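Topology and contacts: notes
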Amino acid sequence: MSVEFRGAGVVPGMAVGTIRRVETSLTAAVAAYVSGAQESENEKILAAQAVVGARLTEQMTACSAAGQSLQAAILTTQQLMVQDPMLTEKIQNKTAAGIPAPQAILTATEEEAAIFDAMDDAYLRERAADIRCVGQAIARQVLGISEIDLSGDEAMILTGVTIEPSLLASIPAGRLVGVLLGEGSRTSHAVILARARSLPTIVGVGNFLSQLRDGDEVLLDGEQGLVRLQPTAAEVAFAAAARRQQDLLREKDAALRDLPAVTPDGVRISLLANIGTSAEVVPALEKGAEGIGLFRSEVLFLGRASLPTEEEQYIVYRAAVENCRGKRCVFRTLDIGGDKPLAYLDLPVESNPFLGWRAIRISLDRPDLFQPQLRAILRAGAYGPVAVLLPMIVSAAEVRAARQQLEKARTDLLAEGIACADTVPLGLMIETPAAALTAKILAQQADFFSIGTNDLIQYTLAADRGNPKVSSLYSPFYPAVLQLILQTISAGREAGIPVGMCGEMAGDSYAAVLLLAMGISELSMTAASIPGVKAKLRQVTAKQAKKILGTVLAMDDAAAIEQYLRIILQ
Ligand code: PEP
Ligand code: MG
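Please read these numbers as outputs of a predicted model, since none were measured by experiment. (Residues numbered from 1 in each chain as written. Chains lettered and ligands numbered in written order. Predicted model: local features only at pLDDT ≥ 70, side-chain atom pairs only at ≥ 80, totals over all residues. Heavy atoms only, no water.)

On to the site of ligand 1. Near ligand 1, the surroundings consist of 14 residues, among which R296, R332, G452, N454 and R465 are the closest. For ligand 1, an oxygen atom lies 2.9 Å from a polar atom in the side chain of E431. Between ligand 1 and R465 there is a distance of 2.8 Å, counted from an oxygen atom to a side-chain nitrogen or oxygen. The fraction of the free accessible surface of ligand 1 (290 Å²) that becomes covered by protein chains is 99%. In a pocket analysis with a 2 Å cut-off to the grid points, ligand 1 is assigned to the largest cavity. Sorting the residues of the shell around ligand 1 by element identifies β11 (292–296) and α19 (453–461) as the ones contributing at least two each. Considering every element that reaches the shell around ligand 1, the biggest residue donor is α19, with three residues. (Near = heavy atom within 4 Å. Polar contact = N/O pair within 3.5 Å; in protein donor to acceptor, adjacent residues only side chain to side chain. Areas by Shrake-Rupley, 256 points an atom, 1.4 Å probe, with all protein chains shown as cover. 1 Å grid on protein atoms, 1.4 Å probe; cavity = no way out; pocket = protein on both sides within 12 Å on 5 of 7 lines; lining within 4 Å. Sits in = over half its atoms within 2 Å of the grid points. Helix = DSSP H or I, 4+ residues; strand = E, 2+ residues; numbered from the N terminus.)

What follows is the structure, encoded as structure tokens:
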């Protein structure tokens, strides 16, 4: 029996290959380092930052030229970190206190990483790994330790506590068959890249890494999170068969990718993706997304020490728009408050945060936050089609006020001679019962609707979306929720504006059939759900869907509706 251990499987699939460990502990080199005067230490640091930054730029340009925009976007993130003046200041404060350059770099980046480690948002927590990678790269440069040699031609399983995304991006396809990390999660940049390349990946194996040596043969099961050391011939054969099966499935998904989501009787729905960072655009398009239906802009605001400037926002939004290559990117304006507090904004402690000062309410009260965001979106709109989506709308007055702000941002940009989008559609999230009930009125003010069922369900059923005690109440199939959705879609259609959905319900292939029958025009979801929803929509005629909807609307129980859909749409 071969030795096995477990981590968390974050990219499914089987791989057999030889271990290549890529991190080199810097402990001994740091201890042996002889420090110079403060000035020369600072010079060494700046020179090392320049070399690492230039290397990242070079790789980034190569990735862009090869059409690998996801890799390019991730390398850009790290490059911005390398050159971050706040990080440089932090490092130099340490050399001023007599700390040698390599230690100053590693301590400063570790302190920054610890801030990210403490964040609630999983994506932002993962930025800690990026900062640590950047620190390692700069320190290695100061210490004169050369780049990791990955020559050879065996099928490699890249292994490390963390792995620099730039390293992963630089290994040609074919050489690399899997990734094994001591730390990390599904949103680590290295993992995002591994997923884009469909490389089976396991993270969080921690101390087990110490059992692995360069050249060991291992089998990875990225579905189960299983690592098998020295697999038997039978296990290797089984993995090969499983891989062939996966390749077939991937081919099926890929075959579906460029086909439209159209019913056999010709009703067409656009399938879009929900994302939080520009790096997610390309993998979403690869899954068949026809654009981005929801860019959750708050991801950029969460878990930092200060507000992102207009310029920082513009860089991120523009990267997303460019990655969309002509497809539309819908930016939702800042949706904070509720379960997403921002430490640096000093938001008041509220006894009912979900019913409090959140989302559009904050934006309208704080033009100093709203204007830079609208300007950044409009500027990004000079590079491709964009739209603005307003969260948590309850009244037409809010929409009018927001539209005025949008017009002011555009007028100011034009007066300043700054390039920006010509026209930007303004959409409303229909995620409060108030908005759904007055959809007819709101439709007069809006260019499109996007139904946010994640909030709509909780507000309609008075059931907190994060409270497991009431999770049985939290279902899109409650007749009250279905009626509000139907009412919203009908109001939008009557007014001649498109109605989409970006809540989780949109990614449920059974619910999608009901939404099709109600007349929805767009569904925006986690990219991974796109092939399943598309396959279902291509199977069921609009006529059948209407019949099913008729039956469902006559039923009075959410669980029974769900069960009925699962049986009838098997
Ligand atoms: C929603 O409420 O359905 C939605 C998409 O927004 P969020 O989940 O970010 O609140
Ligand atoms: Mg919401």
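We now examine the domain arrangement of the protein. Each domain of the protein was delimited in the assignment, giving domain 1 (3–21 + 148–255), domain 2 (27–143) and domain 3 (270–537). Domain 1 and domain 2 are separated by 26 Å when their C-alpha centres are compared. With 18 residues of domain 1 at the interface, the matching set in domain 2 holds 18 residues. Summing the contributions of domain 1 and of domain 2, the shared interface buries around 1500 Å²; its carbon and sulfur component is 63%. (Domains from an automatic or database assignment. Contact = heavy atoms within 4.5 Å. Buried area = accessible area lost by both parts, 1.4 Å probe.)

Quick look at unusual backbone geometry now. One can expect most non-glycine residues to show negative phi and most peptide bonds to be in trans. With a phi close to 50°, A359 is a non-glycine residue in the positive phi region. Checked against the element boundaries, A359 lands in the loop between β12 (329–332) and α14 (360–365). Positive phi outside glycine occurs at M392, with the angle close to 65°. Among the structural elements, M392 can be located in the loop between β13 (386–390) and α16 (396–415).

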